[in-house]
Amino acid sequence: MEIFIAGGSGAIGSRLLPRLVAAGHRVTGTARTEAGLARIRAAGGRGVVMDGTDEASIRRAVLDAAPEVLVHQLTSLSGRFDFKRFDETFAVTNAMRTRGTDALIAAAAEAGTGRIVVQSYTGWTNEHAGSRVKTEADPLDPHPVSSARTALAAIAHAEQATVAAGGLALRFGNFYGPGQSLGEGGQMFESVRKRQVPIVGDGAGVWSFCHIDDAAAATVAAVGRGAAGIYNIVDDEPAAVAEWLPELARAIGAKPPMRVPAWVARTMIGEFGVSWMTTARGSSNAKAKAELGWRPRYASWREGFREGLGAGLGAA
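Draft legend 1. Geometry of the packing of aromatic side chains. Taken as a whole and judged by the stated rule, the model has 15 aromatic pairs. On the basis of an interplanar angle of 85° and a centroid distance of 5.3 Å, the ring pair of Phe86 and Trp124 is categorised as edge-to-face. Of the two residues, Phe86 is situated in helix α4 (residues 86–89) and Trp124 in the loop between β5 (115–121) and β6 (133–134); the sequence distance between them amounts to 38 residues. For the residue pair Phe86 and Trp124, the accessibility class agrees, reading buried in each case. Centre to centre, the rings of Tyr176 and Phe209 are 6.2 Å apart; their planes meet at 80°, and the pair counts as edge-to-face. Placement of Tyr176 in strand β8 (residues 174–176) and of Phe209 in strand β11 (residues 209–211) is noted, with a sequence separation of 33 residues between them. The class for Phe209 is buried, based on a relative accessible area of 1%. Each member of the aromatic cluster is reached from another via a ring pair, and the members are Phe86, Phe90, Tyr121, Trp124, Tyr176, Trp207, Phe209, Trp244, Phe272, Trp276, Trp301 and Phe305. A cation sits over an aromatic face here: Lys287 above Tyr231, 4.6 Å from the ring centre.

Here's what the structure looks like:
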């Protein structure tokens, strides 16, 4: 098949593209730099330059590729997160999830593309009340903290537009693995190693994780099967911060994390960071397993933290 990956040199795209090429597909991937194009070509794909926030650039790239399947993996998350100014940190990504998604879907319709797979997210976006673990049928947070309202609205827009177009929205959990913030040499990894990430309050916020290679494998599955809809792509073990953070520190040889009261942490990471650490809810992967036939290689972050944070895994 002819497959178009918007964001072919990004976190997932760079690990997805060689899998699709190895499966015999003809793959076009987009990038913003010559270095990104070189990585796409080295993996066996056709590289094109595209601005993921510009409608004309998107339309031109998609129509030229004339894909049977379009995969939207556009984000812009290479800088440091500012939890107090979350929407500002995600400004470009929010534009890619709104204007970019609309432009990609419109171009795909014009090109006669039959299948669309779009990246989404699950984690702090879940309602911070009720059951500890949420399914795709549960609502997004109706009362997000003010600093993340635009980011949540952008995620909701991307999902709604995708499903309305007959596509699949894959809600990935918190990424870890090679090249990620929570991966060897990454920002989160180094902060935990230096004991700079504390357990806030009771640490009861529940997180769901997804190894970056499991995210790529789930996307491959969604290219070939699954009905239109939303799918949580996470591992089998949602866990509270007070449970997973000490295990992460142990896995990387760091000292146990400190504990700080919520009121102290609020001055450092804002209301958003405190709510994520103390009241967040996890996500269930039952639907993705049943309908996409996907199983995470790392069924638990416990194994993943011990074995999957380094750079030696590749796309095996």
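Draft legend 2. Layout of the side chain of Ser120. Within the secondary structure, Ser120 sits in strand β5. Given a relative accessible area of 4%, Ser120 falls into the buried group. Reaching out from Ser120, the side chain makes a polar contact with the side chain of Glu159 at a distance of 2.6 Å.

Draft legend 3. Highlighting the packing of helix α3 (residues 55–65) against helix α5 (residues 91–111). Between α3 and α5, whose axes approach to 9 Å, the crossing angle comes to 35°. Helix-helix and strand crossings are classified by hand; for α3 and α5 the assignment is right-handed. Contact with α3, carried on its side by Glu55, Ile58, Arg59, Val62 and Leu63, involves Gly100, Ala103, Leu104, Ala107, Ala108, Glu110 and Ala111 of α5 and no other residues of that element. Its residues assigned to classes, the contact of α3 with α5 comprises 8 nonpolar, 1 polar and 3 charged.

Draft legend 4. Seen up close, the sheet that holds strand β2 (residues 26–31). Read across the sheet, 7 strands follow the order β3-β2-β1-β4-β5-β7-β12 without closing on themselves; strand pairing throughout is parallel. With one partner strand each, in any of the chains shown, β3 (46–49) and β12 (229–233) form the two edges of the open sheet. Between one strand axis and the next, the sheet turns through 20° on average, direction left out of account. Bridging between β2 and β3 involves 4 bridges; their strand directions are parallel.

Draft legend 5. Region of the structure containing the pairing of strand β1 (residues 2–6). With 4 of its 5 residues buried, β1 lies for the most part within the structure. Relative to β2, β1 runs parallel, the two being bridged by 4 bridges. When the bridges of β2 are listed, Glu2 appears paired with Arg26. Read as a crossover between parallel neighbours, the route from β1 over helix α1 (residues 13–22) to β2 is right-handed. Here β1 pairs with strand β4 (residues 69–72) via 4 bridges, running parallel. Counted as the bridge partner of Phe4 is Leu70 from β4.

How each quantity is defined
Residues numbered from 1 in each chain as written. Predicted model: local features only at pLDDT ≥ 70, side-chain atom pairs only at ≥ 80, totals over all residues. Heavy atoms only, no water. Phe/Tyr/Trp six-rings, centres within 6.5 Å; stacked < 30°, edge-to-face > 60°. Helix = DSSP H or I, 4+ residues; strand = E, 2+ residues; numbered from the N terminus. Buried < 20%, exposed > 50% of the residue type's maximum accessible area, 1.4 Å probe, protein only. Lys NZ or Arg CZ within 6 Å of the ring centre and 35° of its normal. Polar contact = N/O pair within 3.5 Å; in protein donor to acceptor, adjacent residues only side chain to side chain. Axes fitted to C-alpha atoms, helices over the stretch in contact; angles between N-to-C directions. Left-handed = near helix turned anticlockwise from the far one by under 90°. Contact = heavy atoms within 4.5 Å. Nonpolar A, V, L, I, M, F, W, Y, C, P; charged D, E, K, R; others polar. Pairing = 2+ DSSP bridges. Right-handed = clockwise from strand over helix to strand, strands pointing away.

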